[in-house]
Amino acid sequence: MTQQERNPEFAPHVAIDLCDQNSMFLALEELGIAHMQNVWIRENDPQNKDAAAVKEQAEEFFSDMLGILTTGADASRVVQNGWAGAKLAAHLRTALASELRRALDKAGRCEAVEALDDAGTIRLALEGYLKDVELLTARDTMEKMMGRKVPPKEYIDFMIAWSGVFSGSKKTLDLPMSFLVFKGAHI
């Protein structure tokens with residue numbers, strides 16, 4: 001490869017279409033991976049020389065995703081289709097009404113879900129997704145300790161549910177029943 005040729009592996013990402021469930025699936029997956037790396041190091045190796053960098057990276061991923069979903073970012077990063085911000089937040093208030101209500105109750109906040117501002121709604125929804133990623137990882141760990149595996153389909157269905165809600169292609173969060181049973185026992 002000559003110096004002028006670009007390696008396609010390092011080419012800039014194309015702008016993400018927030019209404020495309022596949023794109024949202026990948027974006028949420030990246031956010032979840034960064035988050036879980038930070039959680040794992042915090043819980044298992046807090047003295048790791050990379051702990052601060054991993055934490056900073058997870059916080060940057062979250063902040064970037066929150067910014068993208070709240071403002072839509074510029075056209076080089078996000079397809080300008082009007083889904084980010086108010087339109088997404090209104091959808092999340094409906095699609096995740098009970099999840100947002102539980103998050104508000106847990107935080108000791110008494111305001112109505114409908115009264116949440118757009119950024120606050122999107123933040124709570126992303127935080128809810130990451131808490132569920134932590135639970136799914138805990139479920140996987142528990143199953144491995146018992147010599148079993150969580151079926152790959154459960155992970156795919158989990159991600160389809162969350163990406164569907166965030167992309168607007170799903171009107172409700174329909175998580176796999178086995179995950180919901182585990183979640184119910186651990187919240």
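We now turn to the structure provided with this report. Computed from a prediction, not measured in an experiment: that's the story for all the values here.

## Notes on the overall build of the protein
Each helix and strand in the protein was counted, giving 7 helices and 0 strands. Counting from the amino terminus, helix and strand elements in the protein follow one another as α-α-α-α-α-α-α. On C-alpha atoms alone, the protein measures out to a radius of gyration of 18 Å, which is about the 16 Å that the 2.2 N^0.38 rule sets for 187 residues. Buried residues in the protein amount to 37% of all 187 residues.

## Remarks on the nonpolar core
In terms of nonpolar packing, the biggest core is built from 45 residues, with L18, L69, L126, Y129, F158, W162 and F166 touching the most fellow members. When residues of this core are traced back to their parent elements, those giving at least two are α1 (21–44), α2 (51–71), α3 (86–95), α4 (97–106), α5 (118–145), α6 (152–167) and α7 (177–186). Here the element with the most residues in this core is α5; it accounts for 9 residues. Once residues within four sequence positions are removed from consideration, F166 is found in contact with L18, M24, L28, L69, W83, L88, L92, A125, L126 and Y129.

## Here's the deal with the packing of aromatic side chains
Evaluated as defined, the whole model comprises 4 aromatic pairs. Judged by centre distance (5.2 Å) and plane angle (70°), the ring pair of F158 and F179 falls under edge-to-face. Taken as a pair, F158 in helix α6 and F179 in helix α7 lie far apart in primary sequence, 21 residues in all. With respect to burial, F158 and F179 carry one shared label: buried. Taken together, the aromatic side chains of Y129, F158, W162, F166 and F179 make up a single cluster linked through ring pairs.

## Remarks on the packing of α4 against α5
Two elements in contact, α4 and α5, have axes whose closest approach is 10 Å; the angle formed by their N-to-C orientations is 90°. With respect to their mutual orientation, α4 and α5 come out roughly perpendicular. Contact residues: α4 offers L100, A103 and L104, while α5 offers T121, L124 and A125. Of the residues contributing to the contact of α4 with α5, the split by class is 5 nonpolar, 1 polar and no charged.

## Examining the environment of A34
Within the secondary structure, A34 is located in helix α1. C-alpha of A34 to C-alpha of R101: the two residues are 67 residues apart in sequence and 26 Å apart in space. Once residues within four sequence positions are removed from consideration, A34 is found in contact with A58 and F61.

## Some thoughts on α3
The complete set of buried residues in α3 reads L88, A89, H91, L92, R93 and A95. On its buried face, α3 sits against α2, α4, α5 and α6.

## Examining the pattern of salt bridges
Considering all chains together, one arrives at 13 salt bridges under this definition. For D64, the salt bridge is made with R77, and the minimal N-O distance between the two is 2.6 Å. Here D64 is found in helix α2, whereas its partner R77 is found in the loop between α2 and α3, with 13 residues between them in sequence. You can call R77 partly exposed: its relative accessible area is 37%.

## Topic: a nonpolar patch on the surface
Residues Y155, I156 and I160 make up a contiguous nonpolar surface patch of about 220 Å² in total accessible area. In this structure, I160 sits in helix α6. The exposure class assigned to I160 is partly exposed, which follows from its relative accessible area of 32%.

## Looking at the environment of P176
For P176, the position within the fold is in the loop between α6 and α7. Apart from the residues lying within four places of it in its own chain, the contact partners of P176 are E154, D157 and F158.

About the cut-offs
- Residues numbered from 1 in each chain as written.
- Predicted model: local features only at pLDDT ≥ 70, side-chain atom pairs only at ≥ 80, totals over all residues.
- Heavy atoms only, no water.
- Helix = DSSP H or I, 4+ residues; strand = E, 2+ residues; numbered from the N terminus.
- Rg over C-alpha atoms; globule rule 2.2 N^0.38 Å.
- Buried < 20%, exposed > 50% of the residue type's maximum accessible area, 1.4 Å probe, protein only.
- Core = buried A, V, L, I, M, F, W, Y, C linked by side-chain atoms within 4.5 Å.
- Contact = heavy atoms within 4.5 Å.
- Phe/Tyr/Trp six-rings, centres within 6.5 Å; stacked < 30°, edge-to-face > 60°.
- Axes fitted to C-alpha atoms, helices over the stretch in contact; angles between N-to-C directions.
- Parallel < 35°, antiparallel > 145°, perpendicular 65-115°, else oblique.
- Nonpolar A, V, L, I, M, F, W, Y, C, P; charged D, E, K, R; others polar.
- Salt bridge = Lys/Arg side-chain N within 4 Å of Asp/Glu carboxyl O.
- Patch = residues over 30% accessible without salt bridge, like charges linked within 9 Å, V, L, I, M, F, W, Y side chains within 5 Å.
- Areas by Shrake-Rupley, 256 points an atom, 1.4 Å probe, with all protein chains shown as cover.

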